[in-house]
Amino acid sequence: MKEIIRDLITPRVDENIAYLKELFKDNADIVYREFNIAEWKAAIVYIDGMADKILINNFVLESLMLKSERVENVMQVKDNLLTVSDMKEELKLSDAVNGMLSGETLMFVDGIPAVYVIATRFWPARGVSEPSGETVIRGGRDGFTETIRFNTALIRRRIRDTRLKITPKSVGVRSKTDVSIIYIDDIVNKDVLKRVEERIESINIDAILDSGYVEQMIEDNKWSPFPQMQSTERPDVVAAALYEGRVAILVDNSPFVIIVPATLPSLFQTPDDYYQRWINSSMLRIIRFFAIFTGMILPSLYVAVTSFHTSIIPTKFAYSIAASREGVPFPAFVETIIMEIAMAFLIEAVVRLPKAIGSTIGIVGGLIIGQAAVSAGIVSPIMIIIISVTAISSFITPNYEVSSAFRLARFLLIIAASIIGLYGIALGLIIILIHLVKLKSFGIPYLSPLVHPHKKDFKDMFIRAPFRTFKNRPEYIEPEDKIRQS
């Protein structure tokens, strides 16, 4: 149930403080400091550990207590005594309390039926560092942190435009988490922006602890394994998306920023694609697309060929496969599933282990499991090769959520191949393609620009054309300002 805080602020300090003490009883970190400003009683209230005590002592209490002779009327306290740059006057106590819970300091003065909210936020925060999940060869090394104001500053640093808008929201009935919607006003797709605002305002949940909560609450299709929003820790990626007409969603306490709309081709792009020469970037992007297709289809192809279609492979190669599988007690389908599950276990273990031993365990574990499985006759050597190539191909994908989605698709294709061979693979690929064609991200087709009629957008899909050819912004996003380069 939502907690109801009264809005009434009385002109008597004692009554306001008594109400707050009852509201926050059994909380040892709430600080109440009562004092006098000339002949008027006053008090400040803040949360220890979230407010800047140095600012409070030197620029609030010292000015109010030692220089009170400057005022003749209580209404002059704010303008003549408070030496702080950021403060506001609230007429509703509920709004003021929400500010205090975020690190602000409340000040009450006798005779004033309002509360002064002084900006004193100062909580422990991690410094700006390089994102561990999105490394680049060339480019900026700064990444987002868990503090939303630091993150907006990193974006402002890259977009020095008065038309950059940062719209604040408060999400979560109990957590009241700060959420910011960021866009460039004269570029953004207004329809996408409206959808984002409506969906965020419709969120009704106790707490938002990470941007992943918001992502799952506002996505178009909650049953799809494919991510319909892009998440990133890199400010340059967010800035580039905003310049294209997309919308960014920042969530306090999370270093991951959500970018919408997202399309499948855009999730295969990396910052290095734009920081290196276009020929090298295009080659790497083609390798990336080929790798994800290979990783998705290779195990199922092995099952189909060895179980149903041995005649389509060369005779000597067929003999080699048959010799390697001699002594293996399981059919190809069971063999593949065993190794896929073992690889999934290993990947999850490496992700969860501390970094110091994670990579070592991954290499040693892979070698030991593979060698032991072959020696025990559980799997064939060629199966080890196929699973290794599949795993490497999956790691090439720059987006972990996309890699996980294709891993699930790989399992479905293996099952289909074990039933009707190559026909099962073809049927599975058709079903996946139909799902992707129907999928949308905030009204934008998920396979754009593949399903979009504007051919100019193909300059930045399978290849990355030279920058001089990027005259317009992507047409499928439908930005307000379509011209990028004159």
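What you are looking at is a predicted structure, and each value in this text was computed from that prediction instead of being measured.

Turning our eyes to something else, we now look at the packing of aromatic side chains. Per the counting criterion, the structure on display carries 6 aromatic pairs. Between the NZ or CZ atom of Lys21 and the centre of the ring of Tyr32, over which it lies, the distance is 5.4 Å. Just above the ring of Phe467 sits the side chain of Arg464; from NZ or CZ to the centre is 4.4 Å.

Let's shift gears to unusual backbone geometry. Following Val260, the chain continues to Pro261 via a peptide bond in cis, the omega torsion being -10 degrees. Assignment of secondary structure puts Pro261 in the loop between strand 10 (257-260) and helix 9 (272-275). Following Ser448, the chain continues into Pro449 via a peptide bond in cis, with omega recorded as 0 degrees. Looking at where Pro449 falls in the secondary structure, it is placed in the segment after strand 12 (444-445). The residue Phe442 is not glycine, and still its phi comes out positive at about 55 degrees. Looking at where Phe442 falls in the secondary structure, it is placed in the loop between strand 11 (440-441) and strand 12. Overall, the relative accessible area of 0% leaves Phe442 in the buried class. Even without glycine at this site, Glu478 takes up a positive phi of about 60 degrees. In this structure Glu478 comes out as partly exposed when scored by relative accessible area, which is 46%.

If you roll a probe as big as a water molecule over the atoms, it shows you where there is empty space left. Summed over all chains, the structure comprises 1 cavity of 30 Å³ or more. Space inside the largest cavity adds up to approximately 90 Å³. Of all the secondary structure elements, the ones that give two or more residues to the lining of the largest cavity are helix 12 (332-352), helix 14 (381-396) and helix 15 (400-420). Residue classes in the lining of the largest cavity are distributed as 5 nonpolar, 3 polar and 3 charged.

Rules of the game
- Residues numbered from 1 in each chain as written.
- Predicted model: local features only at pLDDT ≥ 70, side-chain atom pairs only at ≥ 80, totals over all residues.
- Heavy atoms only, no water.
- Phe/Tyr/Trp six-rings, centres within 6.5 Å; stacked < 30°, edge-to-face > 60°.
- Lys NZ or Arg CZ within 6 Å of the ring centre and 35° of its normal.
- Helix = DSSP H or I, 4+ residues; strand = E, 2+ residues; numbered from the N terminus.
- Buried < 20%, exposed > 50% of the residue type's maximum accessible area, 1.4 Å probe, protein only.
- 1 Å grid on protein atoms, 1.4 Å probe; cavity = no way out; pocket = protein on both sides within 12 Å on 5 of 7 lines; lining within 4 Å.
- Points joined across faces, edges and corners; volume = space filled by probe spheres on them.
- Nonpolar A, V, L, I, M, F, W, Y, C, P; charged D, E, K, R; others polar.

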